[in-house]
Amino acid sequence: MKKSIIPVLISLLFLGQLASASMSEHIVNYKIKAKLLPDEKAVSGQEVLTWLNNSDRPVEELQFHLYLNAFKNNKTTFITESGGAHRGFKLDKKNWGYINIERFAVAGGPALTGEIEYIQPDDGNEYDQTVMRVELPEPVLPQQTVTLEIDFYSKLPKVFARSGFYEDFFMVAQWFPKIGVFWKGEWNCHQYHNNTEFFADYGVYEVEITVPEEYVIGATGKRIKETSNSDGTKTYTHYQEDIHEFAWTACPDFVEFREPFRMENPHVDTEMILLIHRMHLNHKERYLSALKNGIEFYSQSYGAYPYQTITLVDPAPKATGAGGMEYPTLFTGGTMWWLPKGIYMTEMVTIHEFGHGYWYGMVGSNEFEEAWLDEGINTYSEIKAMAKYYGEDRSMINWGGLKIGDLVYQRAPVMASSRLDPILKNSWEFYSGGSYGMNTYAKAALMLLTLENYLGENVMADIMRTYFERWKFKHPTSEDFVAVAEEVSGQDLSWFFDQFLKSPNKLDYAIGRIRSEEIEDPEGIFDDELRAEGQKAEKGEQEEKGADKDKQEANNQDKEKIYRNEVMVLRKGELIFPQEILIRFDEGEEVMEKWDGRERWKRYVYFRPYKLESAQVDPEYKVLLDINFTNNSRLMKPNKLPVWKHALRLMFQFQNILSLFSF
Ligand SMILES: [Zn+2]
């Protein structure tokens, strides 16, 4: 085969250019040669990894993730925790997945393959081989590097939990031996659990992918080379700096579309690459327009999208288990050819997964330990983006007369939850997958929206931009997020985060009873003195503001009927949040009260020549963490009020369709 030097020169020039604009500290440098073996449903690979010890202590052993071993047998931690099902999909027990290390050596040094040991730092399950450790012949000193040569064979499962094959569709993810993070003086390298996602260091990936020539491929990063081989295969080389993961996909049935995306303010110049399965071609525009919206929204809200490509992969129709997953500069969406236009699942998944490029891709928090920093912040962003482009009250469903916004959709599981876990917790230690999902996605998003309503939209926008700017390409923790929120808002927010991040308890304020009672003319025996003053004040614990003044005004209006109007507000949950209470009277008068919400209840009394019409706590629905809005208001004459209940009932009917998508 003839080789040309020109592509090599071009790629060298290109690499030089990229190297000068490094955004992250390059801890890892992976060079991987991967070959797809379609008949074996496997990938054979050779990996050369250079790892930098950027800590201040010598490192004597290395730890690696071997994620595919989660699918090796029915005794692994992932399979025992999940019961062999993930997001409604079952593992096909005729197609186990695993990763074999065929050779492991320090470059220029001895093979250490025989030294590999599997460890189980989280649960001690000896059947779990998703983490390995290797002791080095000599330690890696601070600021020194070590280069490793690793030959491996990855057998893919039938699509399950994000990766695998379905017929000739391949989603090759979590597929290579991946070094853990040496963080805070020790290895942070968790096992692969049912509820965990990932954590890794930033660096450079250069991956050569060889597939039969009829396959269309997509991969993380930018394609810098493409070669046809004499054996009927093609080799594609992808390169990307400042990322912490690499995934790719291959399928002969993909149709590829490339379209530039450019915007000013902030400046973004990237290429959108859509790999859509030919069965879904009718949804090409839905995908692309949602992706454009996503790039625009996240760039404007948090910071310009900095990479030169973004690849959207539409999995094969029966490979939905690979859908709705994020990788740096590449993500998988999800659709069904029959999905009506007004059900915005495709749009929501596209925006959500693109958004992870920010809250996972660029801000590299530890998803094993603090998943809300990724899923919660991203769901918050998704709700706002969906509202902007598709309408706040209809951003999930606007179909057949039914309108449901993403916010209402996200509130449903929080309202229905058993409150067994706080938001902040190791992902594998949640009571269940449902509790993990509800807390880290929806409840965390509602927490941030509640904070936004409390601090104001502008302050919150500053917090989010500052957090992104300060922590992109680094590993922040929840404390770092709280510190930014406090610094930008200039407020102590520990009361807020201590309650809502760390407690599983509920927030629920309600109107208790309301009543208006006519004050009768005096009857019975009175001391003269008291009679001269007018009506006798009620005894009891009432401390109503301005009640005396109200009474006097009321008394001045001779011979009119006077009512004692009473509103009781209740704190029914353990959690405390300041509340506004709107009280309406018959004659149109409105009073807005502010309550710190601390006591279990609060009484408001008004003497008026007219009666109460209604009372409502949190009338603008600012406190989105309040798990029950239907008890937030009361009318004197009951009306058909529970609009929320109707919307929710209809929404539950759509839950089955919606749950086909994972995100
Ligand atoms: Zn997500």
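Below you will find a few notes about this structure. Here the structure is a predicted model, which is why all the values come from computation and not from measurement.

1. Regarding the pairing of strand S21 (residues 268-277)
The element S21 is largely enclosed, with a buried count of eight among its ten residues. Summarising the sheet, strand S20 (residues 254-263) and S21 pair through ten bridges and their orientation is antiparallel. Following the sheet pairing, Val 255 is matched in S21 by Ile 276. Here S20 folds back onto S21 in antiparallel fashion, the turn holding four residues, of which Asn 265 has a positive phi close to 55°. Looking at chain direction, S21 and strand S22 (residues 309-313) are connected through five bridges and run parallel. Residue pairing across strands places Leu 274 opposite Leu 312, the latter belonging to S22. As for the winding sense of the linkage, the β-α-β connection from S21 through helix H3 (residues 284-301) to S22 is left-handed.

2. Some details on the packing of aromatic side chains
Scanning the model with the defined rule gives 54 aromatic pairs in all. An angle of 50° between the planes, with centres 6.2 Å apart, marks the rings of Phe 170 and Tyr 215 as tilted. Linking Phe 170 in strand S11 (residues 169-172) with Tyr 215 in the loop between strand S15 (203-212) and strand S16 (216-219), this pair joins segments that are 45 residues apart in sequence. Taking relative accessible area as the criterion, Phe 170 reaches 0% and is therefore assigned buried. Its relative accessible area of 7% is what places Tyr 215 among the buried residues. Across the ring face of Phe 257, the terminal group of Lys 284 is positioned such that the distance to the ring centre comes to 4.2 Å. Positioned above the aromatic ring of Phe 585 is the side chain of Arg 608, whose terminal nitrogen or guanidinium carbon lies 5.1 Å from the ring centre.

3. Topic: the packing of helix H6 (residues 372-390) against helix H8 (residues 433-455)
Where H6 meets H8, the axes come as close as 7 Å, and the angle between the chain directions of the two elements is 60°. Here H8 runs oblique to H6, going by the angle between their axes. Two packed elements cross with a definite hand, and for H6 against H8 that hand is right-handed. In contact with Trp 372, Glu 375, Gly 376, Ile 377, Thr 379, Tyr 380, Ile 383 and Lys 384 of H6, H8 contributes Thr 440, Tyr 441, Ala 444, Ala 445, Met 447, Leu 448, Leu 449 and Glu 452. Looking at the contact of H6 with H8 residue by residue, the class counts come to ten nonpolar, three polar and three charged.

4. What about the sheet that holds strand S23 (residues 325-327)?
In spatial order, the strands read S20-S21-S22-S24-S23; together these five strands make up an open sheet with mixed pairing. Of all the strands in the sheet, just S20 and S23 have a single pairing partner and so form its edges. For this sheet, the mean inter-axis angle between neighbouring strands, taken without regard to orientation, is 15°. Sitting on the sheet, H3 is in contact with S20, S21, S22 and strand S24 (330-332), with an inclination near 150° to S21.

5. Some thoughts on the side chain of His 277
Relative to the helices and strands, His 277 resides in strand S21. If sequence neighbours within four positions are ignored, His 277 has contacts with Cys 251, Asp 253, Phe 254, Asp 314, Pro 315, Ala 316 and Pro 317.

6. Things to note about the pattern of salt bridges
Per the counting criterion, the structure on display carries 34 salt bridges. Between Glu 580 and Lys 594 there is a salt bridge, with the nearest N and O atoms lying 2.9 Å from each other. Taken together, the residues span a long stretch of sequence, with Glu 580 in strand S29 (residues 579-585) and Lys 594 in strand S30 (residues 590-595) at a distance of 14 residues. Owing to a relative accessible area of 18%, Glu 580 belongs among the buried residues under this scheme.

7. What about the sheet that holds strand S32 (residues 612-617)?
The strands that make up a sheet pair up through hydrogen bonds in the backbone, lying either parallel or antiparallel. The strand order across the open sheet built from four strands is S30-S29-S32-S33, with neighbouring strands paired in antiparallel fashion. A strand with exactly one partner marks an edge of an open sheet, and here the two such strands are S30 and strand S33 (633-635). When strand polarity is set aside, the average angle formed by the axes of neighbouring strands in this sheet is 15°. Sheet analysis places S29 next to S30, joined by six bridges and oriented antiparallel. By the bridge assignment for S30, Arg 584 is matched with Glu 590.

8. With respect to unusual backbone geometry
Cis geometry marks the peptide bond from Asn 265 to Pro 266, where omega comes out at -5°. Non-glycine residue Ala 161 carries a positive phi angle of around 45°. Note on placement: Ala 161 falls in the loop between strand S9 (145-155) and strand S10 (164-166). Positioned with a positive phi, Phe 473 is a non-glycine residue whose angle comes to about 65°. By secondary structure assignment, the location of Phe 473 is in the loop between helix H9 (457-471) and helix H10 (478-489).

9. Looking at the packing of H3 against helix H4 (residues 345-355)
Contact geometry of H3 with H4 gives a least axis separation of 9 Å together with a crossing angle of 40°. Considering their axes alone, H3 and H4 lie oblique with respect to each other. In this structure, the crossing between H3 and H4 has a hand that is right-handed. On H4, the residues that touch Arg 286, Tyr 287, Ala 290, Leu 291, Asn 293, Gly 294, Ile 295 and Tyr 298 of H3 are Thr 346, Glu 347, Thr 350, Ile 351, Phe 354 and Gly 355. Classifying every residue of the contact of H3 with H4 by side-chain character gives seven nonpolar, five polar and two charged.

Rules and cut-offs
- Residues numbered from 1 in each chain as written.
- Predicted model: local features only at pLDDT ≥ 70, side-chain atom pairs only at ≥ 80, totals over all residues.
- Heavy atoms only, no water.
- Buried < 20%, exposed > 50% of the residue type's maximum accessible area, 1.4 Å probe, protein only.
- Helix = DSSP H or I, 4+ residues; strand = E, 2+ residues; numbered from the N terminus.
- Pairing = 2+ DSSP bridges.
- Right-handed = clockwise from strand over helix to strand, strands pointing away.
- Phe/Tyr/Trp six-rings, centres within 6.5 Å; stacked < 30°, edge-to-face > 60°.
- Lys NZ or Arg CZ within 6 Å of the ring centre and 35° of its normal.
- Axes fitted to C-alpha atoms, helices over the stretch in contact; angles between N-to-C directions.
- Parallel < 35°, antiparallel > 145°, perpendicular 65-115°, else oblique.
- Left-handed = near helix turned anticlockwise from the far one by under 90°.
- Contact = heavy atoms within 4.5 Å.
- Nonpolar A, V, L, I, M, F, W, Y, C, P; charged D, E, K, R; others polar.
- Salt bridge = Lys/Arg side-chain N within 4 Å of Asp/Glu carboxyl O.

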